[in-house]
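Each chain, letter by letter, is given below.
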Amino acid sequence: MCGIIGYISQEKGVSKKIIHNLKKLEYRGYDSSGICLLKGNTFLVKKSVGEIAKLEQKLNFVDDFDCGIAHTRWATHGKVSLKNTHPHLSQDKCWAVVHNGIIENFLELSKLIKSKGVTLKSETDTETIVALMALQNGDDNIKKLNEVTSMLVGSYAICLLHKGEHALYVARRHSPLYIAKNDNSCMVSSDPVTFGEDYGTYYTLPDDCMAKVTVDKIDVYDKNLNKICVKPSEVGSFEKSAELGKYSFYAEKEISEIPKVIDTILSNYKIVDHFKKINKTFYSQIKKVKLIGCGTAYHACLMGAKYIQNYAHIEAQGYIASEFRYSKPLIDKNTLCIFVSQSGETADTLLSLELAKNMGAKTVAVVNVPYSSIAQKADVVLPLCAGMEVAVMSTKAYNAMLLVLMLLASHLSKFTESPQQFDYDVLKSVDFFKDVQKIDPITDLVLKSEKVFFIGRGEDYVTALEAGLKLKEITYINCVSIPSGELKHGTLSLVDNKSLVFMIATDKNLLAKNISSASEIKARGGKIVLVTNLDEIQSGDIDYVYQFDKITQKFSSIISIIPFQVLAYKTCLRLGYSPDKPRNLAKSVTVE
Ligand code: G6P
């Protein structure tokens, strides 16, 4: 979603550096962008709707600015327009702001601001921040910022410029913000991925804190205005791993990295004992497990719940984070809550984590971004080791989530009477992309159909959900995923000779039941593509069989999704859409 860059330098001509780094945030999703440059008392603001490249074209002036803020906006309050694009200036033109997050009480604040005779120009919640800054009296800008942030309800990461000052003012609550410094510049960013080229270390601004950033120093304050010390973190290989290399799209690159990611997880979990804190005493205190996430991560939660229940014999259930928060969950110290997230910043997942912690649960984070808020707040962190994921459609992170959750489930099973120790090294010899070229004719079938369905039972139903999500999010094809057994309870009425049904079948014991579902579909004229690793398929009702590598049933859930990831990618290209940046979606959903 929205992205923030703030930059202050001893040298003039900062716009190039700012735009270069703003582009590194493009992957998060945005629909407009803007920049505000400052030199002494002069502000220069440029904005553009659409690609950052359009904003860049507007920067055709002599750049002798030494300070600036910039933003990629993903519209929440107010439509996509130049007027609503950040940065926003205060009416007296003394303050400029960029903001990530949502100010929930902005209507109330707007009324207050208008009652003081100030006009607001945009429809955004953000503009209230600069308006309030301008209404504060006194000379101490940190004090003013503290005053203003104490009035804000909701989440924010903000970066401000003040006329006549060579400084950046920043503050945050629930939205991440980072600051890096070298000998002649400082950069503020909503994602440390921007720091790799110029900085060795960076600081994470703590929640509910503010800072004044100049070229010489970073002064951080808590909400009681006490100066606080923040430990720096190294800019690691994760932040540097976003290069596209030889690939045309990140989606393609990230799908192709799946075997490497699986390998890395297996090696990393052998070397590092990530389960150290999850010992026998920990296990004996767990009465139930709740797995919480959004989107693809939610599907990983559903699968993880099956692994934990089957291998560790503890009642486990997956929840959508935005539902979980308002479901009055029954949580106590005997509940293990597992938060699954690629970015570690998804607002609903993060707020669910806070809720669970406040209710006394044990918390585990299964996350990819090592410095993320969820990773920082959970009791135990199980890293996904997937490297940076840029494409909005999450692929390699999903396979990684399943493997890590399976490792966790088999670790928990050690404390039961029937430990489940698997030969994970089998995964190293899998041909993950076996017969992947056979997906082209299936793409033809998808493009010829009017309706697409994904069905399966047990773990295969979860794969059906994730397969449907992959296809719809980047091809805009409307599709339905349901358990095979539910077909005749409603959805079968949709099936006709324009329908294509993907049936996922990896469990020998459920094969006969799947074949009878196939007959029901065939009888209504639907075409069936069976995706399986089984050999025993003998049914005249199946139109096309896609067979993936014959991996043992235990691991098939980790592999069976790959053909669907490839199918979505190929179909998207055939339709001429962008596989990395689907319309209306963002990589990291940092607002509720
Ligand atoms: C967004 C992304 C999805 C992702 C979901 C959860 O909707 O577009 O691909 O699955 O957020 O993200 P997380 O970072 O928490 O896994």
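This one's a predicted model, so the numbers in the text were calculated from it and none came from an experiment. (Residues numbered from 1 in each chain as written. Predicted model: local features only at pLDDT ≥ 70, side-chain atom pairs only at ≥ 80, totals over all residues. Heavy atoms only, no water.)

## Some words on helix α16 (residues 459-475)
1) Next: For α16, spanning 17 residues, the distance from its first C-alpha to its last is 24 Å, which sits close to the expected 24 Å at 1.5 Å a residue.
2) Next: Within α16, 15 of the 17 residues are buried, leaving the element largely enclosed by the surrounding structure.
3) Next: Of the residues one or two after α16, Tyr476 is the one with positive phi, at around 65°. (Helix = DSSP H or I, 4+ residues; strand = E, 2+ residues; numbered from the N terminus. Expected span 1.5 Å × (residues − 1). Buried < 20%, exposed > 50% of the residue type's maximum accessible area, 1.4 Å probe, protein only.)

## Observations concerning the packing of helix α15 (residues 439-448) against helix α19 (residues 562-575)
1) Next: With their axes 9 Å apart at the nearest point, α15 and α19 run at an angle of 60° to one another. Taken together, the axis directions place α15 and α19 in an arrangement best described as oblique. With respect to the hand of their crossing, α15 and α19 are arranged in right-handed fashion. Here α15 contributes Ile439, Asp440, Ile442, Thr443, Asp444, Val446 and Leu447 to the contact with α19, which in turn contributes Pro563, Val566, Leu567, Lys570, Thr571, Arg574 and Leu575.
2) Next: Of the residues assigned to the contact of α15 with α19, the class counts are eight nonpolar, two polar and four charged. (Axes fitted to C-alpha atoms, helices over the stretch in contact; angles between N-to-C directions. Parallel < 35°, antiparallel > 145°, perpendicular 65-115°, else oblique. Left-handed = near helix turned anticlockwise from the far one by under 90°. Contact = heavy atoms within 4.5 Å. Nonpolar A, V, L, I, M, F, W, Y, C, P; charged D, E, K, R; others polar.)

## Observations regarding the site of the ligand
1) Next: Around the ligand lies a shell of 13 residues, among which Ser341, Gln342, Ser343, Thr346 and Ala586 are the nearest.
2) Next: Between the ligand and Ser341 there is a distance of 2.6 Å, counted from an oxygen atom to a side-chain nitrogen or oxygen.
3) Next: Surface burial for the ligand is 90%, taken as the share of its 380 Å² of free accessible area covered by protein chains.
4) Next: Applying the majority rule of atoms within 2 Å of the grid points places the ligand in the largest pocket.
5) Next: When residues in the shell around the ligand are grouped by element, the largest group, three residues, is from helix α10 (residues 295-312).
6) Next: Tallied by class, the residues present in the shell around the ligand amount to five nonpolar, seven polar and one charged. (Near = heavy atom within 4 Å. Polar contact = N/O pair within 3.5 Å; in protein donor to acceptor, adjacent residues only side chain to side chain. Areas by Shrake-Rupley, 256 points an atom, 1.4 Å probe, with all protein chains shown as cover. 1 Å grid on protein atoms, 1.4 Å probe; cavity = no way out; pocket = protein on both sides within 12 Å on 5 of 7 lines; lining within 4 Å. Sits in = over half its atoms within 2 Å of the grid points.)

## Quick word on the pattern of salt bridges
1) Next: All chains considered together, the criterion is met by 31 salt bridges.
2) Next: Two residues, Glu123 and Lys79, come together in a salt bridge whose shortest N-O distance is 3.3 Å. Of the two residues, Glu123 sits in the loop between α3 (106-115) and α4 (127-135) while Lys79 sits in the loop between β4 (67-73) and β5 (88-89), which places them 44 residues apart along the sequence.
3) Next: Of the charged contacts, one joins Lys217 and Asp219 as a salt bridge, the two residues approaching to 3.3 Å between their closest N and O atoms.
4) Next: Given a relative accessible area of 14%, Asp219 falls into the buried group. (Salt bridge = Lys/Arg side-chain N within 4 Å of Asp/Glu carboxyl O.)

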